[in-house]
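So the chains spell out like this:
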Amino acid sequence: QKEVEQNSGPLSVPEGAIASLNCTYSDRGSQSFFWYRQYSGKSPELIMFIYSNGDKEDGRFTAQLNKASQYVSLLIRDSQPSDSATYLCAGTSGYSTLTFGKGTMLLVSP
Amino acid sequence: KAGVTQTPRYLIKTRGQQVTLSCSPISGHRSVSWYQQTPGQGLQFLFEYFSETQRNKGNFPGRFSGRQFSNSRSEMNVSTLELGDSALYLCASSSGLRPTSTDTQYFGPGTRLTVL
């Protein structure tokens, strides 16, 4: 059974702080990982993609992947109230089939 | 470029009925995946179609079925609806190649199904 685990939260951080979201996965065959952001009542929106060990940065977002530890994380620097949403981690080992975690709710307070 | 569209956006049905949901992928995308999202289970994969063929299937009963047409539009059908089928049904499209940084899944707005 392929599983992706996330802490459901909520994770509360003050505006301007760094938010750290974590995800672990059970399938060693997983090759690529995605972070989606989902606002309440909306569909998931892709934020980051990572498939190599190490860090990948895009603006205020940094994704980190450690395949030996089966661990993926997303760092959000200078968090803004507009970042308040549920963040979904997903992994894939095949064609277009994503296994999602249940998501972590992030609350950024002004 | 137009995004993924889903119709209808909202549906109310009663137990025992059947329902058909439609998804039009981004122009040029040949893969359509369907997901069910509920508060308790999160996003769960239903099935994926690529070039009119079901390429992968999740762990759902046979009441859930789908198909894809030659224009890549896809439909999913749920027969004999149960209360537990109430959920947000999302479709996502991609080019259909091995997921890479240039081939990711883009989600539609979803269809909210309520079963009474």
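You'll find the structure just up there.
This one's a predicted model, so the numbers in the text were calculated from it and none came from an experiment.

1. As for the packing of aromatic side chains
Pairs of aromatic rings are described using the distance from one ring centre to the other and the angle between the two planes. What the rule picks out here adds up to 12 aromatic pairs over all chains. Aromatic pair F100 of chain A and Y35 of chain B: ring centres 5.5 Å apart, planes at 90°, arrangement edge-to-face. Placement of F100 of chain A in strand β10 (residues 99-100) and of Y35 of chain B in strand β4 (residues 31-38) is noted, with the two residues assigned to different chains. The buried category is assigned to Y35 of chain B, whose relative accessible area is 0%. Counting every residue linked through ring pairs, the aromatic cluster contains F34, Y36, F49, Y51 and F100 of chain A together with Y35, F45 and F107 of chain B. Geometry around F61 of chain A places R60 of chain A over its ring, the cationic atom sitting 5.4 Å from the centre. Above the face of the F50 of chain B ring, R55 of chain B is positioned so that its terminal group lies 4.3 Å from the ring centre.

2. Observations regarding the interface of chain B and chain A
Taken together, the contacts link 25 residues of chain B with 18 residues of chain A. Together chain B and chain A conceal approximately 1,800 Å² of surface at their shared face, both sides included; 55% is due to carbon and sulfur atoms. On the surface where chain B and chain A come into contact, there are zero salt bridges. For the side of chain B that touches chain A, the secondary-structure elements that each account for two or more residues are β4, β5 (42-50), β6 (53-57) and β9 (87-94) of chain B.

3. What to know about the layout of surface pockets
Reported here for the second largest pocket is a volume of approximately 500 Å³. Every residue lining the second largest pocket is counted, 24 residues in all, and those nearest its centre are Q38, T86 and K102 of chain A together with Q37 and P39 of chain B. Elements that contribute at least two residues to the lining of the second largest pocket include exactly β9 (85-92) and β11 (104-109) of chain A together with β4 and β5 of chain B.

Conventions we followed
- Residue positions are given per chain, counted from 1 along the sequence in the order it is written.
- Ligands are numbered from 1 and chains lettered from A, in the order in which they are written.
- Local features in this predicted model are restricted to residues of pLDDT 70 or higher, and side-chain atom pairs are both shown and tallied only at a pLDDT of 80 or more, whereas totals for entire chains, interfaces and linings draw on every residue.
- Only hydrogens and water are set aside; all other atoms, that is, all heavy atoms of the structure, feed into the side-chain values.
- Pairing of aromatic rings covers Phe, Tyr and Trp, the last counted by its six-membered ring, and requires centre-to-centre distances within 6.5 Å; plane angles under 30 degrees mean stacked, over 60 mean edge-to-face, and any other angle means tilted.
- Under the DSSP-based scheme used, a helix requires at least four consecutive residues in state H or I and a strand at least two consecutive residues in state E, with every element numbered from the N terminus.
- Here's how the labels work: a residue is buried when its accessible area is under 20% of the maximum for its type, exposed when over 50%, partly exposed in between, all with a 1.4 Å probe on protein chains only.
- A ring has a charge above it when a Lys NZ or an Arg CZ is no more than 6 Å from the ring centre and no more than 35 degrees off the ring normal.
- Note on definitions: a residue-residue contact is assigned when non-hydrogen atoms from the two residues lie within 4.5 Å.
- In short, buried area is how much 1.4 Å probe accessible area vanishes from two parts on joining, totalled over both.
- Think of a salt bridge as a Lys or Arg side-chain nitrogen and an Asp or Glu carboxyl oxygen that are within 4 Å of each other.
- Of the grid points, spaced at 1 Å and generated over the protein atoms alone, those admitting a 1.4 Å probe that cannot get out make up cavities, while open sets with protein on both sides within 12 Å along at least five of seven lines make up pockets; any residue with an atom within 4 Å of a point is treated as lining.
- Grid points are joined across faces, edges and corners, and a volume is the space filled by probe spheres set on the points.

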